[in-house]
Amino acid sequence: MTVTSNAAPLLALRNVTVQFGGLTAAHDVTLDVTDGQIAAVIGPNGAGKTTVFNCVTGIYAPSSGTIEVRGRDIREPLTWLVLGKSLGIGCIFGLALMLGVNAQILWDASINQLYVYEQQFDWAAAGAAFVSTLRSQDSSLTWGIFIFGSLLAAAGSFTMWQRTRHTPYTAVHRKIARTFQNIRLFRSMSALENVLMGMQSVHRSHVVPALLRTKHFAQQERIRREEARELLDFVGLSDVEHTLASALPYGSQRRLEIARALASKPNLILLDEPAAGMNPSEMAALTALIAKIRDRGTTVLLIEHHMKLVMGISDHITVLEYGEKIAEGPPDAVKQDPKVIAAYLGDTHNDH
Amino acid sequence: MKRAQIDMQLAALLGILAVVPIVDSVLPTALQVTPLMPPVLIFALVGLGLSVATGFTGLLHLGVAAFVAIGAYTFAIVTCSIYPFQIPWLCAVLLAGLVGMATGALLALPTMRLRGDYLAIVTLGFGEIVQDVLRNLDAITKGTQGINPLGGPTIVSFQAPLSTATRWYYLVLFILALVAFLMQRLLQSPTGRSWLALRDDELAASCMGVNPARTKLATFAVSAGLCAVAGALLASFLGSSGEPSNYDFQVSIMALSMVIVGGLGSIPGAILGAIIMVGINSIVLAKLADWLSNVSTGSSNVLLSPSNWKYMIFGLALVLMMRFKSEGLMPPRQSGGK
């Protein structure tokens, strides 16, 4: 499976705070997820559990604090290549803008004035006319526009990069996958295709082989389908691979989401209330499935309200209330914690 | 299984189109449609282009006419004898497609974070800007005169048993079939799947590793490229780039109506939609006008001129479609059979 370095935890949140305007959804949350565990985050509604998940998967950016995957910042590193790309885009845009602004004059001088109908065209003369016209233009219309356009586009593309340093699609390349509290399957696709979509980050596929349907592409596609079928089988959905995702029963949709997340071969899978709306027998099957996922070598971090499920399978529990961590530890310790009982278990003593 | 059914629909549609000129040859001249068909098929290509952005990826695009114009003008500039370039026909069509792709990507850059209504407004504005630019850049585009004369490909002009119109017809049909075929393949590849996923759920798609910005850029570029190729074919067929106002908002709306009537996100649907909507406009109404002018002489009632009916018919078609078959005549797989 994966090579684990004992030094750094698989996922580490360091003093993560998330603010939306005046509202603090998560405050100073520090959390470690160790390899091979089933870890859980619990807390009353609005405690900031999903916010923490969204931070990890790049849907929100933390207002302060850092998130590390195996000791490395989860954000894309700033490299020379990024700067080079921004500059390159800037230069191309600047050049295009400059030519666009002077298009009429340049065209007139190099084409309209030199081309005689149906006569041989002297390209060298046209090139010379082009350059001399450009030179004779006011420098604010040439260099000025070029520099303005270059700076604008370079700054724009750099800002764009900065905003996308940590996004859902970069998180998945850090081997973190997730499911959603409110199911977000691709409704118009079959179960199998949903799982195939989950592989998007693992299998790089290019357009031209797909269009030509090369042997290599067909083979890759066959392997992908085979893997997807195995995953459907793993979550117990092998009989519905061609059924539309939106036509599946609720419990199966939840399991399909798990299969889709597993398709990206994650080291860590985040399950956001996987048992919501499930009946007791479905829940028992889910508990077994989560244990199976861990045994496969994928670390699990889950949010859950069903205490029986959480206490039964978790190795480590973190309790949040009003965006702050109030307790953490193994299930038995958390269960005894007076703060937790007051905040959470106390309210639901007559269990649901 | 359902996918095979869609392939069958496409094959049947193209098969029927392939025999049209043969059927035509036994009909009386007044009923022959082959000479009027190439623009219809070219519009089907625009419909396929729009399908990429609107049908597959779910980005409402109201500016496709701009890319048709860009394709037509690019083709005109590089082939017309008033300019020194005069490159071969096929190269010019491909170049038009590339220029269309580049401008499509350019339009996508500032719109990557937009969706729905906002994107529609931006694309609409882009369509207007392109018209104005073409009108005012008159040193290059000859303003409202348009660039002419333009030629067709050698394959259409040499002497052969088939008439020029028939050869044009088969040329355009071949290009259309090729594009439809490649598109079908693309949809069954990871690239195409990521487009559909983006339409279904952008957040979930990006959690699967799809970069939404890059994907939107790609679909806009492909969409614009196809529209530009259609524009180049149209200019070549008509022998002129036409004037900028030929590529106005109505063209974009007509393209949108086509894909909605045919079935949003369906490849055979876009082709069928084009045949119905453009066919009504340029074939049925034109034939009807000929016939009426023969029957009634001297009447100046506006209703007796069928070309005045077209927007009424388009509007009516859209209203009826929305009411009775909102998924279109040939809906894509997901809404069929359930």
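For the structure, check the block above.
Below you will find a few notes about this structure. Please read these numbers as outputs of a predicted model, since none were measured by experiment.

For the rest of this paragraph, the subject is the overall build of chain B. Of the regular secondary structure elements, chain B holds 14 helices and zero strands. Ordered by position in the sequence, the α and β elements of chain B form the string α-α-α-α-α-α-α-α-α-α-α-α-α-α. Referenced to the eigenvectors of the C-alpha coordinate spread, the extents of chain B come out at roughly 65 × 50 × 45 Å. Going through the 338 residues of chain B one by one, you find that 48% of them count as buried.

This part covers the pairing of strand β9 (residues 316-321) of chain A. Residues and elements named next belong to chain A. With five of its six residues buried, β9 lies for the most part within the structure. One ladder, built from four bridges, connects strand β3 (residues 38-42) with β9; its direction is parallel. If you follow Val41 over to β9, its bridge partner there is Thr318.

With that settled, consider the nonpolar core. Among the nonpolar cores identified, the biggest contains 169 residues, and Ala44(B) and Val68(B) are the most heavily contacted of them. By residue number, the principal contributor to this core is helix α11 (residues 212-238) of chain B, which donates 14 residues.

What follows deals with the environment of Thr154(B). Residues and elements named next belong to chain B. Mapped onto the secondary structure, Thr154 falls in helix α7 (residues 154-157). Look at Thr154 and you get exposed, because 10 C-beta atoms sit within 10 Å. Expressed as a C-alpha distance, the spacing of Thr154 and Trp89, which sit 65 residues apart in the sequence, is 7.9 Å.

Glancing now at unusual backbone geometry. With an omega dihedral of 0°, the bond running from Asn148(B) to Pro149(B) counts as a cis peptide bond. By the element assignment, Pro149(B) lies in the loop between α6 (138-141) and α7.

All names here are of chain A. Taken in spatial order, the six strands make up an open sheet running β6-β7-β8-β3-β9-β10, and their pairing is mixed. The sheet is open, and its two edges are formed by β6 (176-178) and β10 (324-329), each paired on a single side. Taken pair by pair, the neighbouring strands of this sheet meet at an average axis angle of 20°, ignoring direction. Together, β3, β7 (268-272) and β8 (299-303) form the strand contacts of helix α11 (residues 280-295), whose direction differs from that of β8 by roughly 145°.

What follows concerns the packing of helix α9 (residues 190-200) of chain B against α11(B). Residues and elements named next belong to chain B. Across the interface, α9 lies against α11 with an axial gap of 11 Å and an inter-helix angle of 110°. The angle between α9 and α11 falls in the class roughly perpendicular. The handedness of the crossing between α9 and α11 is left-handed. Counted together, Ser194, Trp195 and Leu198 of α9 and Pro212, Thr215 and Thr219 of α11 form the full contact between these two elements. Within the contact of α9 with α11, the residues separate by chemical class into three nonpolar, three polar and no charged.

Another aspect to go through is the sheet that holds strand β4 (residues 64-69) of chain A. All names here are of chain A. An order of β2-β1-β4-β5 is seen for the four strands of this open sheet, with the pairing classed as antiparallel. Two strands in the sheet have a free side with no partner beyond their single neighbour: β2 (23-33) and β5 (72-73). As defined by bridge partners, β4 adjoins β5 across two bridges and the pair is classed as antiparallel. Within β5, the position partnered with Glu68 by the bridge is Asp73.

Below, the discussion takes up the pairing of strand β1 (residues 11-20) of chain A. Residue and element names in this part refer to chain A. As defined by bridge partners, β1 adjoins β2 across seven bridges and the pair is classed as antiparallel. Looking across to β2, one finds that Ala12 is bridged to Asp32. Two successive antiparallel strands, β1 and β2, enclose a turn made up of two residues, where Gly21 displays a positive phi of approximately 60°.

Basis of the calculations
- Residues numbered from 1 in each chain as written.
- Chains lettered and ligands numbered in written order.
- Predicted model: local features only at pLDDT ≥ 70, side-chain atom pairs only at ≥ 80, totals over all residues.
- Helix = DSSP H or I, 4+ residues; strand = E, 2+ residues; numbered from the N terminus.
- Buried ≥ 20, exposed ≤ 12 C-beta atoms within 10 Å, placed from the backbone.
- Pairing = 2+ DSSP bridges.
- Core = buried A, V, L, I, M, F, W, Y, C linked by C-beta atoms within 7 Å.
- Axes fitted to C-alpha atoms, helices over the stretch in contact; angles between N-to-C directions.
- Contact = placed C-beta atoms within 7 Å.
- Parallel < 35°, antiparallel > 145°, perpendicular 65-115°, else oblique.
- Left-handed = near helix turned anticlockwise from the far one by under 90°.
- Nonpolar A, V, L, I, M, F, W, Y, C, P; charged D, E, K, R; others polar.

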